[in-house]
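What the coordinates show
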Amino acid sequence: MNNTHESPRKVCCPAVLKGLAGLTLVLSLLVPARALAQAMSKSQQPEKTYAIRGAKITTLAGPVIEKGNIVMRGGRIVAIGADAAIPADAEVLDAAGLEAYPGFFDAVDQIGLQEVGAVAATVDSHELGQFNPQLNALTAVHPASEHIPVTRAAGITEVVSAPSPGGFGGGGGGVILGQATVINLAGWTVEEMMVRRSVAMVVNWPDFNTRSFDFSTFSVKERSFTEAKKEYDKKVQELTDFFEEARHYQQAVEKGSAQNYIRDLKLEAMIPVLKGELPLLVLADRAREIRGAVEFCDKQKVRMIVGSGADSMKVADLLKAKNIPVILGPTLRLSNDEDDPYDKFFTLPGDLQKKGIRFALASFDVEFVRRLSQQAGNAVAYGLSHEDGLKAISLYPAQILGLDKDLGTLETGKIANIILTNGDPLELRTEVKNLYINGRPTSTDNKHKQLFEKYSKRP
Amino acid sequence: MKNPSVLGTILLAGLFAGLLAPALAAQDSGVTLIENATILTVTKGTIENGSILIRNGKIAQVGKNIKAPEGATVIDAKGMYVTAGIIDCHSHIAVEGNVNEGSVAVSSMVGVGDVINPDDIDIYRDLAGGVTTANVLHGSANPIGGLNQVIKLRWGKDAEELKFEGAPPGIKFALGENPKRNNFNPPPGIPRRYPESRMGVMDVIRQAFVDAREYKKSWDEYNKRVAAGDKAAIPPRRDLKLEPLVEVLEGKRYVHSHCYRADEILQLMRLAEEFGFRIRTLQHVLEGYRVADEIAAHGAGGSTFSDWWAYKMEAYEAIPYNAAMMTRRGVIVSVNSDSAEEARHLNQEAAKTMKYGGMTEDEALRMVTINPAIQLGIDKRVGSIEPGKDADLVIYNHHPLSVYAVAQKVFIDGHIYFDREKDLAMREAQAAERKALLEKAKKAAEAEKKAGEKPGADRKPDSEKKPDGAAPPQGKDEKPKEPPKPPQQVAVAGFLD
């Protein structure tokens, strides 16, 4: 190490950094999110080449490769196949006996936004107010959250972290919750983790129910059908008014000069939605709510994804006709209707598949994100094909969110998020032995393993 | 009847709730042979291509080449797996209304046995997941809670018939955040309740046992005087709160204590030792891995979650290795649900202990069968497939520790209480019946409208709503088990129960 060369650099470093930080800030305001994401991932491209040798590879983009290699560089897969050549300078993992799969993709959760559910100080997943389209989950993702290493050790390599409707511990009642972000579950900063800054606008569709749960008193409230409808109609009207307001703003922005309007962050955030660039992720469970949301999105001419969607089979024809996909809420749940079949949520993914409705599975959770593969496994047990079970937590969310050029399968050019397991990754006893996230070997170590090791050693 | 919708919904509720069970249990002949199955006996290894003979509700014979007696119902379980019915050591199903009598810090005068609701649909749902026995516990709002009730999931039977005859009685205790009530704001006008610290929790329990000792002493003295022929002896006034605690002191009633942190677990065990009794099961016991040696030495069982964590502060250092780690140190461990949903896949939750901590298949299976049976003191009756035991069995289409295993038939006392084939077959009939009833109610409502009745004219009857509008369940199920949003019902259950 040459000190004389090092010292002048040290002196100029802070200034350079400051300049860079300023530049990044400007960039983030002006450059479209996607371009920024690419610029970011380029800037953090690892120089090194990594390779996996001799794994059984399920690419989900073609037949299983019984014994093959995967080569990664710059965060992407550069070669894959039975005969893919491994460069001499690559850091190689001998994966004989292991199985490679695309890392799993949780299509809705609150990873990074919530640490301990009951401790409000650690919860950043929801805000006060009815309409908050200007909020973006990425601005609150905590890269040092213990949930991140715990979750990726279960084979989940990327997630949609989304604002939530709140609920326990306050909040709730909001309608437009903010923008969901896509992050890799590895990185020193959110900038390194970010895959796409904004992937959907989350809308908590108004409840249309005669029974509701009141978190402030922890009791069930009842109201008449007429009352419920009145309340529902009012909320939908308010949402419609907000969209109209945003449309006027959009016209002002597009037609007027900058001096003629006062900048409004809420309305500005709606423009990508109105332009059809950003889909609405509409959280709705009951059939009449889903129908209401479809009608609304039709009128507003905006793209829609159903989120949660407990009763999506009851509106299957409508969803099919409109080609609206569903990100299915946790399938390890019970129906609110006791007349529903006992296995309703287990069969739902297979039912949607048979009906030809695009769907993905998601946790809608934080600490239970690691049950994603269990959800898929149960769907397979009740009728979904095994391949679709895997795709429901990898390719399908990527497709629904418009990220299938980057994620969801193991193919050349895609982000190298790869898991290596000792068996069927949907099985409960299967372990994730190795992980690659964004083309780099990533540790499976986490708080739980550390405590296990520490207390196993207690004399 | 003024409002036809009321009639409609009563009809609906009545028909759907009552329909399944009698039809399912109808074909009993008393003798059944299950043959050609892979039998996971839990305690006596695995029998390939084996048979189980059931006679009068009990397992009569287990092994290979058992011939079907004359008149026996024969079930060919080729390619199937049979194991002992799942036992859930922490449940709140079948409780009418609130699971918590939270107004007082010691609620040992109440018991869930008084409020068993045999129509709770969660009984059927859990049964369909292979659960045959459940330890139905009072909630965790109080340091000393109410009495528990062990039930068998005999769907279709009445409340008394659900109760597990002869199961040792128990009581719920609770430590930490729930009895401290740190995660709740009392509704307006309701004052906070002592205790609000772990110190206070220990104080409440200790004081209760000081009182119970005094109470016991007064009865002992009275009984002594009576035995000595003293006819003037006046009995002490009965105290329904202290009576169960005296039973705890006498070792006649099990303590099932909700707990999370290692420190509180240790404190409770020491308090019990101070009064000369033992904690039967530590429930949740998420930090049990930190004091596993102490738990084993005390003799408590550990009944824990598979992989729950971080839903509240005291669960932040919970780890999925807990069950395996306690097992390795000599604790009898079960994996429980605390949730009607989780109970449906307890076999899967048990399987996770193989990944987290390296349990064997047998060890994993024990966590939801014989181990909870031991913890509940009912292991002579249930928990494994052995001659003489109750014929509580589950037939799965895959190995029960596989995520792909679906329960096909569930036996309790030798009767089939759940049959997937029949459940599937009945769905069409139910849908048709539902439709017919809705049509009928709709017509009645229209007729009523035509009659020009003013009152209630703008109040649409439920039956007029779209059939897929998911009419709310009627009457029962008041406890907020599944708040509509957020969908993470488990987290909520963890706070309440």
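Keep in mind that this is a model prediction, so the values were computed, not measured. (Residues numbered from 1 in each chain as written. Chains lettered and ligands numbered in written order. Predicted model: local features only at pLDDT ≥ 70, side-chain atom pairs only at ≥ 80, totals over all residues. Heavy atoms only, no water.)

Focus on the environment of Arg429 of chain A
Threshold: Each helix is a run of DSSP H or I of at least 4 residues and each strand a run of E of at least 2, with the numbering of both proceeding from the N terminus. Throughout this description, buried means an accessible area under 20% of the type-specific maximum (1.4 Å probe, protein chains only), exposed means over 50%, and partly exposed covers the range between. Any two residues having at least one pair of non-hydrogen atoms within 4.5 Å are treated as being in contact. Think of a polar contact as two N or O atoms within 3.5 Å of one another; within protein, one of them needs to be a possible hydrogen donor and the other a possible acceptor, and neighboring residues in sequence only count if both atoms come from side chains.
Within the secondary structure, Arg429 of chain A sits in the loop between strand E16 (418-421) and strand E17 (432-437). Classification of Arg429 of chain A by relative accessible area gives partly exposed; the value is 32%. The sequence separation of Arg429 of chain A and Thr189 of chain A amounts to 240 residues, and the corresponding C-alpha distance is 32 Å. Ignoring any residue separated from it by four or fewer positions in sequence, one finds Arg429 of chain A in contact with Met354, Lys355, Glu361, His399 and Leu401 of chain B. At a separation of 2.9 Å, a polar atom in the side chain of Arg429 of chain A contacts the side chain of Glu361 of chain B.

Notes on the packing of helix H5 (residues 225-255) of chain A against helix H6 (residues 265-274) of chain A
All names here are of chain A. Stated formally: The angle between two axes is taken between their N-to-C directions and runs from 0 to 180 degrees, where each axis is a line fitted to C-alpha atoms and a helix contributes only its stretch in contact. Here is the rule for angles: anything less than 35 degrees is roughly parallel, anything more than 145 is roughly antiparallel, 65 through 115 is roughly perpendicular, and the remaining ranges are oblique. Gly counts as polar in this scheme, as do all residues outside two lists: the nonpolar Ala, Val, Leu, Ile, Met, Phe, Trp, Tyr, Cys and Pro, and the charged Asp, Glu, Lys and Arg.
Two elements in contact, H5 and H6, have axes separated by 8 Å at closest approach and are oriented at 90°. Classed by the angle they form, the pair H5 and H6 counts as roughly perpendicular. Across from Phe242, Phe243, Glu245, Ala246, Arg247, Tyr249, Gln250 and Val253 in H5, the residues of H6 making contact are Lys266, Leu267, Glu268, Met270, Ile271, Val273 and Leu274. For the contact of H5 with H6, the per-class residue count stands at ten nonpolar, one polar and four charged.

As for the side chain of His92 of chain B
All names here are of chain B. With respect to the element layout, His92 can be found in the loop between strand E6 (86-91) and helix H2 (121-127). The class of His92 is buried, set by a relative accessible area of 6%. A distance of 3.2 Å separates the side chain of His92 from the side chain of His90, its partner in a polar contact. At a separation of 3.1 Å, a polar atom in the side chain of His92 contacts the side chain of Asp338.

A few points about unusual backbone geometry
Of note, the amide linkage connecting Tyr194 of chain B to Pro195 of chain B takes the cis form, showing an omega dihedral of 5°. Within the secondary structure, Pro195 of chain B is located in the loop between helix H4 (177-180) and helix H5 (198-227). A positive phi angle, close to 80°, is found at Ser308 of chain A, a residue other than glycine. By the secondary structure assignment, Ser308 of chain A is in strand E13 (residues 304-308).

Observations regarding helix H10 (residues 346-355) of chain B
With nine of its ten residues buried, H10 of chain B lies for the most part within the structure. Within the span of H10 of chain B, buried status applies to Leu346, Asn347, Gln348, Glu349, Ala350, Ala351, Lys352, Thr353 and Met354 of chain B. The inward-facing, buried residues of H10 of chain B abut helix H10 (372-381) of chain A together with E6, helix H9 (322-328), strand E14 (333-335), helix H11 (361-366) and strand E15 (393-396) of chain B. Just past H10 of chain B, the residue Gly357 of chain B takes up positive phi, approximately 115°.

Considerations on the packing of H5 of chain B against helix H7 (residues 262-274) of chain B
Angle between the axes and distance between the axes are the two parameters that describe a pair of packed helices. Residue and element names in this part refer to chain B. Applicable threshold: The handedness criterion is simple: a crossing whose near helix is rotated anticlockwise from the far helix by less than a right angle is left-handed, and one whose near helix is rotated clockwise is right-handed.
H7 packs onto H5 with a crossing angle of 15° between their chain directions and a minimal axis gap of 11 Å. Viewed along their axes, H5 and H7 adopt a mutual orientation that is roughly parallel. Our pair here, H5 against H7, has a crossing hand that is right-handed. Side by side, H5 and H7 meet where Arg198, Met202, Ile205, Arg206 and Arg213 of the first sit next to Asp263, Glu264, Gln267, Leu268, Leu271 and Glu274 of the second. For the contact of H5 with H7, the residue count by class is four nonpolar, one polar and six charged.

Notes on the side chain of Asn378 of chain A
Of note, Asn378 of chain A is situated in helix H10. Given a relative accessible area of 2%, Asn378 of chain A falls into the buried group. Setting aside chain neighbours within four positions, we find Asn378 of chain A in contact with Leu332 and Phe346 of chain A together with Gln348 and Val403 of chain B.

Remarks on the environment of Leu137 of chain B
All names here are of chain B. Within the secondary structure layout, Leu137 lies in the loop between strand E7 (131-136) and strand E8 (144-147). When its relative accessible area of 0% is taken as the criterion, Leu137 is described as buried. With 33 residues separating them along the chain, Leu137 and Gly170 place their C-alpha atoms 8.9 Å apart. Apart from the residues within four sequence positions on either side, Leu137 is in contact with Cys89, His90, Ser91, His92, Val112, Asn148, Lys172, His256 and Gln283.

Focus on the confidence of the model for chain A
Note the cut-off: On a range of 0 to 100, pLDDT expresses the predictor's confidence in each residue.
Averaged over every residue, the pLDDT of chain A is 90; the share at 70 or more is 87%. Within the model, the stretch residues 1-33 of chain A combines pLDDT values under 50 with seven contacts to residues more than four positions away or in other chains.

A closer look at the sheet that holds strand E9 (residues 194-204) of chain A
Across a sheet, paired strands are connected by hydrogen bonds in the backbone, their directions being either parallel or antiparallel. Residue and element names in this part refer to chain A. Operational definition: Being paired, for any two strands, means DSSP has found at least two bridges between them.
Pairing is mixed in the open sheet, where eight strands are placed in the order E6-E7-E8-E9-E12-E13-E14-E15. Edge positions in the open sheet fall to strand E6 (104-109) and strand E15 (359-361), since each of these has one partner strand only. Between one strand axis and the next, the sheet turns through 25° on average, direction left out of account.

Considerations on the pattern of salt bridges
What counts here: The term salt bridge refers to a pairing of a side-chain nitrogen on Lys or Arg with a carboxyl oxygen on Asp or Glu at a separation within 4 Å.
Summed over all chains, the structure comprises 60 salt bridges over all chains. As a salt-bridge pair, Asp233 of chain A and Lys229 of chain A come within 2.8 Å of each other at their nearest N and O atoms. Here Asp233 of chain A and its partner Lys229 of chain A are both found in helix H5, four residues apart, which amounts to about one turn of the helix. For Asp233 of chain A, a relative accessible area of 37% corresponds to the partly exposed category. The exposure class of Lys229 of chain A is partly exposed, given its relative accessible area of 36%. Residue Lys44 of chain B pairs with Glu386 of chain B through a salt bridge whose shortest N-O separation is 3.9 Å. Within this pair, whereas Lys44 of chain B is found in the loop between strand E1 (31-40) and strand E2 (46-55), its partner Glu386 of chain B is found in the loop between helix H12 (370-375) and E15, the two being separated by 342 residues in sequence. The exposure class assigned to Glu386 of chain B is buried, which follows from its relative accessible area of 18%.

Considering a nonpolar patch on the surface
Here is the rule: Here, patches come from residues exposed beyond 30% relative accessible area and free of salt bridges, joined within 9 Å for like charges and within 5 Å for nonpolar side chains (Val, Leu, Ile, Met, Phe, Trp, Tyr). In these tables, accessible area is a Shrake-Rupley quantity obtained with a 1.4 Å probe, and a residue counts as shielded only by the protein chains included in the view.
Among the surface-exposed residues, Val104, Met109 and Leu240 of chain B lie close enough to one another that they form a single nonpolar patch of about 250 Å² accessible area. Note on placement: Val104 of chain B falls in the loop between E6 and H2.

Topic: the nonpolar core
Put simply, the rule is: What we call a nonpolar core is a set of buried Ala, Val, Leu, Ile, Met, Phe, Trp, Tyr and Cys residues that are connected through their side-chain atoms within 4.5 Å.
Counting 218 residues, the largest nonpolar core has Trp205, Phe243 and Ile327 of chain A together with Phe209, Leu282 and Ile295 of chain B as its most contacted members. When residues of this core are assigned to their parent elements, the largest contribution, nine residues, is made by H5 of chain A. Once residues lying within four places of it in the same chain are set aside, the contact partners of Ile327 of chain A are Ala107, Val108, Leu281, Ile305, Val306, Gly307, Ser308, Ala360, Ala362, Phe364, Ile400 and Leu401 of chain A.

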